[in-house]
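Reading the structure
Each chain is listed here by its residues.
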Number of protein chains: 2
Amino acid sequence: MTPVARPDAIRSHNLALVLSLLHSDGEMTRAELTRRLGISRSTVRALVGALGELGLVEELVPVGGARVGRPSHTVVPHHGGPFAFGVDVDPSEIVVAAVGIGGEILAKSAVALDLHRSVTPEHVVDRVAGALQRVWREGRPDAAPCGVGVSVPGTVDSRTGVIGDAPNLGWRDVDLGRMLAERVPDSVPVRLGNDADLALLAEHRRGALRGCSDAVFLMGRQGVGAGLMASGQPLHGHDGHAGEIGHNPLDPAGPPCHCGNRGCLEVYVGEPALLALAGDGGPPTRDAIARLFARARSGDKHAVDAMLGVVDPLARAIAGLHNTLNPERVVLGGSLAGVFEVVAEQLVDAVAGYCFDLRREPGLVAPALGEDSALMGAAELGFAALLADPLSSAKL
Amino acid sequence: MTPVARPDAIRSHNLALVLSLLHSDGEMTRAELTRRLGISRSTVRALVGALGELGLVEELVPVGGARVGRPSHTVVPHHGGPFAFGVDVDPSEIVVAAVGIGGEILAKSAVALDLHRSVTPEHVVDRVAGALQRVWREGRPDAAPCGVGVSVPGTVDSRTGVIGDAPNLGWRDVDLGRMLAERVPDSVPVRLGNDADLALLAEHRRGALRGCSDAVFLMGRQGVGAGLMASGQPLHGHDGHAGEIGHNPLDPAGPPCHCGNRGCLEVYVGEPALLALAGDGGPPTRDAIARLFARARSGDKHAVDAMLGVVDPLARAIAGLHNTLNPERVVLGGSLAGVFEVVAEQLVDAVAGYCFDLRREPGLVAPALGEDSALMGAAELGFAALLADPLSSAKL
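1. Points about the overall build of chain A
Broken down by element type, chain A carries twelve helices and 15 strands. Its C-alpha atoms give chain A a radius of gyration of 22 Å, within 12% of the compact-globule value 21 Å for 396 residues. Overall, the C-alpha framework of chain A stretches about 65 × 50 × 50 Å when taken along its three principal axes. Taken over 396 residues, chain A has a buried fraction of 50%.

Here is the structure:
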């Protein structure tokens, strides 16, 4: 039998429900909250009041309306409320943002990394710590952050939070979270997640996967990985390593991969492969990739041919995900969003051709959050403790 | 807030919990039930009493014990209680069983299908209906079945229960459940499931996946498919088609597959491939497969070489599942159980070599239920309605 819930536990649970709903879905009236949560009007009033006293939400009275009768109060995340840091670590660039409750980016800073040098964890922590200070000053200098979330291109052990293998950074067994925690105030939790997992989380909460229960976010940058969701729940696997499809063996006799094997998917569809197909043998910097897509969009044949060159291996991988997980939608993120923009029709046809018994469109979509999916997902990790227990904000 | 449960709903829920636990875990004392379910002794006594009156469980007093004090009553599924039919439809053979509550096979009948002729749904329904009558008479002639579960080698639409595509049977859009329902009493529900999905269900409930939350059952017969579980929940996907990895494109330039594409995984590791590798070009009958494994076990070089010949494509597929889903265990079922028995060491090494950042054994195991995993999973489908609402048995 369900154990009897104590009144304070019920209240804390309900505060979390209301705050999470306003955080993900934005402003709504008390009447909408009542309907969406299936609780009484008086309970909603009390919960909104408590969240207001905590400085987490505020109520606005619409002005200038022409309707007769008392205007309905609108409840919104507090514009001066708490914020979280999102950090997106990619081999070519670190992006840091201060994100307000409700998902507004208050300040953002990008730091290019030198792909010719080795990117050590110490160097990354230094650059991240500096960027955190900048966006804090710029975004919400008078408030304390409620958490830091960090997106990394590699496996993150679900039990320890330690990075296991991030081959495109050349990192193995790096406790980046502990290192970064030493550079932020003691009370601020630091949590790590895999980039594709976090991108999926953000797109599900406020993007292209809203309301979708079975979904994939396919992240293609220097490496390739997938964030997975089944029956509305994120799928992390036994060790937290699920979604590492970039290292699925497409051709065991193919070119060598950073991971030590040969012919992995990411060797064929990662950013270095895209650049090489377009005749550019340089490192996959943000600029080089941006130039390639600009050329492709303007119809440059070499650039378009490079996009067409990844269609077949990419379609095989996406069809493999369809056959395995049968998702409703598949978001193509990172550089794959650019590929999808240029050769969408060819890709959809190729995926459909490889799928088994798929009687609908394969559901390929672009990320609603653009290049910020992983960054915003990282900020969601930063908000996690507050959203789970809004009363904890009283301690901030 | 959690809605208030009505007392009769709570009672029905608790009856279901007790019956499901005894069904999957077998006999236990009232004290164990109290501990496992976390409910009071008096509630357990009342629930067991009610299930006893429904003829679903019985209490046994151990005899001949040497312990001092009052012996503890043991609660067991009723040996004369309800039963379900399990039906396992494979292109080469249909197996039908009457299975008692608790999982005992009361009677079983196998019908060979002629692989030289087309296997029509009508023919299969005729043979299944005949076999159901035989095992009913033999197993529990005095009782009514509580349901029929059918395992099929193909996709089953999760909304309609209709078989979508079963390429090794040559079937598309076949409502086998409706056809079979016309051959059993009106009150007996007929439900269909994919063979690998049902095999996973049975192995999780009473086999090699007991207590395992992230798991794969890889079924290799004429075709290949996977049953998937993530965080303790079966993974079926948006249309119910998840796990169709037999049609993942291993080599788009490879030999043609029944599905219409080329180079699908099952072309390389299905039973016809195994036989061909051993120099036997005949149809993959149960007998031909059994002879091949007998030869391999006795050390026949051609037979062992055939097993070795599937190691690499099979390892690529299993590593792909590991990279994608990060399961704790992977059951190798159907003919793949035989392959695993003969070349386990080579297969484990090859899988480990292809996996990304896997720091443990890949967790390959044989099915605890032998060749009956899908059959027993089908019977579980037959029990589903009774286990969800034990009070419904009063109507049987």
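2. Here's the deal with the relation of the copies chain B and chain A
Under the fitted operation, chain B is carried onto chain A by 0.0 Å of movement along the axis and a turn of 180°, and the coordinates agree to an RMSD of 0.0 Å. Read as a symmetry element, the transformation amounts to a two-fold axis. Measuring from the rotation axis to each C-alpha of chain B, the shortest distance belongs to B:Leu250, at 3.6 Å. An overlap of 100% is found between the interface residues of chain B and their copies at the interface of chain A, pointing to a shared contact surface.

3. A few points about the sheet that holds strand E1 (residues 28-29) of chain A
Sheets are built from strands that pair by backbone hydrogen bonding, the pairs being arranged parallel or antiparallel. Residues and elements named next belong to chain A. Read from one edge of the open sheet, three strands run E1-E3-E2, paired in antiparallel fashion. Each having just a single partner strand, E1 and strand E2 (57-60) make up the two edges of the open sheet. Of the pairings in the sheet, the one linking E2 to strand E3 (residues 74-77) comprises four bridges and is antiparallel in character. Its bridge partner lying in E3, Glu58 is registered against Val76. Against the sheet, helix H1 (residues 7-25) engages E1, E2 and E3, with an angle of about 80° to E3.

4. Considerations on the domain arrangement of chain A
By a widely used convention, the size of an interface equals the accessible area lost when the partners come together. As assigned here, chain A comprises domain 1 (7-77), domain 2 (83-198 + 374-395) and domain 3 (211-367). One C-alpha centre belongs to domain 1 of chain A, the other to domain 3 of chain A, and the line joining them spans 41 Å.

5. Regarding the packing of helix H9 (residues 286-297) of chain B against helix H10 (residues 301-325) of chain B
Residue and element names in this part refer to chain B. Following both chains from N to C, one finds H9 and H10 inclined at 105°, their axes separated by 7 Å at the closest point. In terms of axis orientation, H9 runs roughly perpendicular to H10. On H10, the residues that touch Leu292, Arg295 and Ala296 of H9 are Ala303, Val304, Ala306 and Met307. Grouping the amino acids of the contact of H9 with H10 by side-chain chemistry returns six nonpolar, no polar and one charged.

6. Describing the interface of chain B and chain A
Taken together, the contacts link 39 residues of chain B with 39 residues of chain A. Elements that contribute at least two residues to the side of chain B that touches chain A include exactly helix H1 (7-25), strand E8 (163-166) and H10 of chain B. Looking at the side of chain B that touches chain A element by element, the count peaks at six residues for H10(B). Split by residue class, the side of chain B that touches chain A holds 15 nonpolar, 17 polar and seven charged.

7. Points about the confidence of the model for chain A
Regions with low pLDDT should not have their predicted coordinates read in detail. Per-residue confidence for chain A gives a mean pLDDT of 93; residues scoring 70 or more make up 95%. With pTM at 0.94, the complex prediction returns an ipTM value of 0.93.

8. Digging into unusual backbone geometry
Even without glycine at this site, A:Ser231 takes up a positive phi of about 50°. The topology assignment puts A:Ser231 in the loop between strand E12 (224-230) and strand E13 (233-234). The exposure class of A:Ser231 is partly exposed, given the 15 C-beta atoms found within 10 Å. With phi around 50°, B:Asn326 is a residue other than glycine that occupies positive phi space. Looking at the element boundaries, B:Asn326 is found in the loop between H10 and strand E14 (329-334). On the basis of neighbour counts, which here come to 26 C-beta atoms within 10 Å, the residue B:Asn326 falls in the buried class.

Scoring rules and cut-offs
- Residues numbered from 1 in each chain as written.
- Chains lettered and ligands numbered in written order.
- Predicted model: local features only at pLDDT ≥ 70, side-chain atom pairs only at ≥ 80, totals over all residues.
- Helix = DSSP H or I, 4+ residues; strand = E, 2+ residues; numbered from the N terminus.
- Rg over C-alpha atoms; globule rule 2.2 N^0.38 Å.
- Buried ≥ 20, exposed ≤ 12 C-beta atoms within 10 Å, placed from the backbone.
- Least-squares fit on C-alpha atoms with pLDDT ≥ 70 in both.
- Contact = placed C-beta atoms within 7 Å.
- Pairing = 2+ DSSP bridges.
- Axes fitted to C-alpha atoms, helices over the stretch in contact; angles between N-to-C directions.
- Domains from an automatic or database assignment.
- Parallel < 35°, antiparallel > 145°, perpendicular 65-115°, else oblique.
- Nonpolar A, V, L, I, M, F, W, Y, C, P; charged D, E, K, R; others polar.
- pLDDT = per-residue confidence, 0-100.

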